[in-house]
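Read off the chains here:
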Amino acid sequence: MAIYELRTYQVYVGQMAEVIRFYRDFGWPALEKGGFDAKLVGYFTSDTGELHQLVHLWKFDDDADRRNFWSSLFKDEDFMVFASKIRPLLMSQKNQLLQAAPWGPHP
């Protein structure tokens, strides 16, 4: 059964433009180059509620697939260059593992 991982990063106030620039110039190219974008459902930024958040949703075949994905990504040199640039701009990170409900559409 597929599982989804929802990752929410709390960005320091005033730093979202820099986070977006780092993702555009370094993060996204690294994800595409390594083929890591294949598991991505989407990236989002908050506009209401809790502000200054970067949210992304990933879809994996199972937990082993998820663990293998993150292990491989964190060994990717291009992605780790990006990670070293963005980490100082992030206040916190929240990860949630989700299962699809037995009704409705699923990505």
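Residues numbered from 1 in each chain as written. Predicted model: local features only at pLDDT ≥ 70, side-chain atom pairs only at ≥ 80, totals over all residues. Heavy atoms only, no water.

## Overview of the nonpolar core
By size, the foremost hydrophobic cluster in this structure holds 23 residues, and its most contacted members are V19, W58, F69, L73 and F79. Sorting the residues of this core by element identifies β1 (3–11), α1 (16–33), β3 (53–60), α2 (63–73) and α3 (77–86) as the ones contributing at least two each. The dominant element in this core, judged by the number of residues it contributes, is α1, at six residues. With sequence-adjacent residues up to four places away left out, W58 is seen in contact with I3, Y4, E5, R7, L31, F36, K39, L40, V41, Y43, F69 and W70. (Core = buried A, V, L, I, M, F, W, Y, C linked by side-chain atoms within 4.5 Å. Buried < 20%, exposed > 50% of the residue type's maximum accessible area, 1.4 Å probe, protein only. Helix = DSSP H or I, 4+ residues; strand = E, 2+ residues; numbered from the N terminus. Contact = heavy atoms within 4.5 Å.)

## Considering the pairing of β1
Counting buried positions over the nine residues of β1 gives eight, a clear majority of the element. As paired strands, β1 and β3 are joined by eight bridges and run antiparallel to one another. For R7, the partnering residue across the bridge sits in β3 and is H56. Examined bridge by bridge, β1 and strand β4 (residues 90–99) share nine bridges and lie antiparallel to one another. The residue bridging T8 from the neighbouring strand is K94, located in β4. (Pairing = 2+ DSSP bridges.)

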